[in-house]
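Residue-level structure breakdown
Below are the chains, spelled out letter by letter.
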Amino acid sequence: MFYKRFYATFAPFMQAIENIFPLLNEFKKVVITMHQKPDGDAMGSALGLYHFLNKLGHSCTVISPTNWAGFLNWMPACDTVLDYESQAAKADVLIEEADWIFCLDFNVLSRTKRMEEKLKAAKGERILIDHHREPQTEMFAYGVSDTGKSSTAEMVYDFIAGSGNIDKVDATIGECLYAGVMTDTGSFRFPSTTASVHKMVYGLKERGLEHSHVHEALFDNFLENRFRFIGHVLLNRMEVFYEYNTVLMSISQADLIKYNIKTGDTEGLVNYGLSIQGIKLAAVVIDRGEERKSSFRSKDGFDVNTFARKYFNGGGHFNAAGGFNKEPLEEVVIKFKEAIKENADKLSTYQF
Ligand code: 5GP
Ligand code: MN
C-alpha cells in the first residue's frame with residue numbers, strides 16, 4: 001500500500017515495524033493499548049498480541065483507555081485488561097516502566113482520551129499497528145500503518161507471521177484475532193475483505209480456531225432490553241431522507257436510561273439504516289451526556305471519513321467513520337440535516 005511504503009521510506013521518525021523483529025528475543029516490559037471504547041478489533045488485536053508476546057516470555061499488560069462492551073468479556077485474558085478510567089494509578093506505573101508501548105487500532109494519541117498525556121511522556125518506545133488514515137507518525141518509534149488492511153487484527157497476524165513466529169499461533173490467539181477481523185469486516189462482507197483476509201482465516205483454522213464459538217460469543221449474547229431498545233429506535237427515532245438517500249437515528253439520554261443501555265448495546269444500530277434499499281448514508285447520533293457521539297456508514301462512493309472530519313470533529317475510514325460534538329442533540333441533528341443538504345450532489349440520485 002502507498003501509505004505503508006511512504007511512511008517506511010520517508011517518515012523522519014517512525015521506522016518500519018520489521019526493525020523490531022530481531023529485538024523480540026530480548027525481554028521487554030510491554031504495555032498494549034488501543035482506542036477508547038475498544039471494539040472487537042481493538043480488543044481482539046490487543047489480546048491476540050498479548051498472548052503472542054507472553055508466549056515469547058515478555059511481561060505484558062493491556063490497558064484500555066475506557067471501559068468496553070460486555071460482549072467482549074469472553075475473550076481469553078479480557079479479565080486482565082486494565083480500565084484506565086478506574087485503574088489509572090496502577091496503569092500509570094506500567095506505562096512509565098514499559099520498554100515498549102504498542103498502540104493498536106488508532107491513528108492519533110488523542111483517541112486514548114485521558115491516557116494521551118501519559119503516553120506522550122512515556123520514555124519507552126511507542127509502536128503503532130493501525131489501519132486508519134493520517135496516522136500521527138511523528139509520535140511513534142516504529143510502526144506500520146496500512147489503510148488497505150481489513151483490521152488491526154489482520155496486521156497483528158502479519159506481524160506474528162512476518163517475525164517468523166507463525167508456529168506460536170494457537171486457538172487462543174486465533175479466537176482473539178478472528179474476533180477482530182470478523183467484526184471489522186462486517187462478518188467478511190465489506191470490500192476490505194481481501195484474499196489475504198481469507199488466507200489468514202485459513203491459517204487460524206489450521207491452528208485450531210473454533211470460529212463458530214466466536215460468532216456465538218459475540219452475536220448470541222445480548223439481553224432482552226437491547227432488542228426492545230432497537231425496536232423503539234427503529235419505530236420512533238429514525239428519520240429517512242429519501243431525497244438524500246440518508247437515514248438518521250438520534251437517541252437521547254432519556255432513551256438510554258429508560259432501556260438501561262450500556263456501552264456496546266448501540267453497536268451495529270447504524271447498519272439497519274444502511275440496509276434500507278437505496279440508502280447511501282446512515283448515521284446514528286447518541287447523547288452520551290458529556291458529548292454527542294456520531295457513527296456514520298456509507299455505500300456507493302460516499303466518503304464518510306471526509307464528512308465526519310468536516311462537520312463532526314471526527315474521522316475514520318471511507319465507509320465507516322465517527323465523530324463527536326459538544327452541542328446539544330437537537331443542534332447536532334440540525335447540523336446533520338444541513339450537512340446532507342450541502343452534500344446533495346453526492347448523496348442525491350437527482351441530477352443537479
Ligand atoms: P464507530 O462508528 O464504530 O464508532 O467508528 C467507525 C470508525 O470510525 C472506526 O474505525 C473508528 O475508529 C472511527 N472513529 C469513530 N469515532 C471517531 C472519532 O471521533 N475520530 C476519529 N478520527 N475516528 C473515529
Ligand atoms: Mn479496526
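You'll find the structure just up there.
A short tour of the structure in this document, coming up. Being a predicted model, the structure only gives us computed values, none of them experimental.

Position of R126 among the secondary structure elements: in strand β6 (residues 125-130). Despite its burial, R126 pairs with no opposite charge, the nearest such side chain being E138 at 9.2 Å. When neighbours within four sequence positions are excluded, R126 is seen to be in contact with I101, L109, L119, K120, M139, F140, A141 and Y142.

With that settled, consider the nonpolar core. Core analysis: the biggest nonpolar cluster contains 53 residues, and I32, L47, F102 and F159 have the highest contact counts within it. Examining the composition of this core, we find that eight residues originate from one element, helix α2 (residues 40-55), more than from any other. Not counting residues within four places of it along the chain, the set of residues in contact with L47 comprises V62, M75, P76, A77, C78, V81 and C176. Counting 22 residues, the second-largest nonpolar core is a separate cluster that includes Y244, A283, F307 and A308.

Below, the discussion takes up the environment of K337. Considering the arrangement of structural elements, one finds K337 in helix α13 (residues 329-342). What makes K337 partly exposed here is its relative accessible area of 29%. Remark: the alpha-carbon pair of K337 and F241, spanning 96 residues in sequence, is separated by 9.2 Å. Leave out the neighbours within four places in its chain, and K337 touches E239 and F241.

Our next topic: the sheet that holds strand β10 (residues 281-287). Read from one edge to the other, the open sheet built from six strands follows the order β8-β9-β10-β11-β13-β12, with strand pairing classed as mixed. At either end of the open sheet lies a strand with only one pairing partner, and these are β8 (238-241) and β12 (315-316). In this structure, strand β11 (residues 292-298) lies alongside strand β13 (residues 320-325), joined through six bridges in antiparallel fashion. By the bridge assignment for β13, S295 is matched with G322. Where helix α12 (residues 304-312) meets the sheet, its contacts fall on β10, β11, β12 and β13, and the angle it forms with β13 comes to roughly 5 degrees. Along the sheet face, α13 touches β8, β9 (246-251), β10, β11 and β13 and points at about 175 degrees away from the line of β9.

Inspection of the region around ligand 1 gives 14 residues, with R111, H132, K293, S295 and R297 positioned closest. Between an oxygen atom of ligand 1 and a side-chain N or O atom of R111, the distance comes to 2.9 Å. In the environment of ligand 1, an oxygen atom lies 3.0 Å from a nitrogen or oxygen atom belonging to the side chain of R297. Protein chains bury 80% of the 500 Å² of accessible surface belonging to ligand 1 in isolation. Elements that contribute at least two residues to the shell around ligand 1 include exactly β11, β12 and β13. In terms of residue count, β13 provides more of the shell around ligand 1 than any other element does, five residues in total. By residue class, the composition of the shell around ligand 1 is three nonpolar, eight polar and three charged.

Parameters and conventions
- Residues numbered from 1 in each chain as written.
- Chains lettered and ligands numbered in written order.
- Predicted model: local features only at pLDDT ≥ 70, side-chain atom pairs only at ≥ 80, totals over all residues.
- Heavy atoms only, no water.
- Helix = DSSP H or I, 4+ residues; strand = E, 2+ residues; numbered from the N terminus.
- Buried < 20%, exposed > 50% of the residue type's maximum accessible area, 1.4 Å probe, protein only.
- Lys, Arg positive; Asp, Glu negative; His and termini not counted.
- Salt bridge = Lys/Arg side-chain N within 4 Å of Asp/Glu carboxyl O.
- Contact = heavy atoms within 4.5 Å.
- Core = buried A, V, L, I, M, F, W, Y, C linked by side-chain atoms within 4.5 Å.
- Pairing = 2+ DSSP bridges.
- Axes fitted to C-alpha atoms, helices over the stretch in contact; angles between N-to-C directions.
- Near = heavy atom within 4 Å.
- Polar contact = N/O pair within 3.5 Å; in protein donor to acceptor, adjacent residues only side chain to side chain.
- Areas by Shrake-Rupley, 256 points an atom, 1.4 Å probe, with all protein chains shown as cover.
- Nonpolar A, V, L, I, M, F, W, Y, C, P; charged D, E, K, R; others polar.

Function cannot be inferred from these measures alone, as they are strictly geometric.
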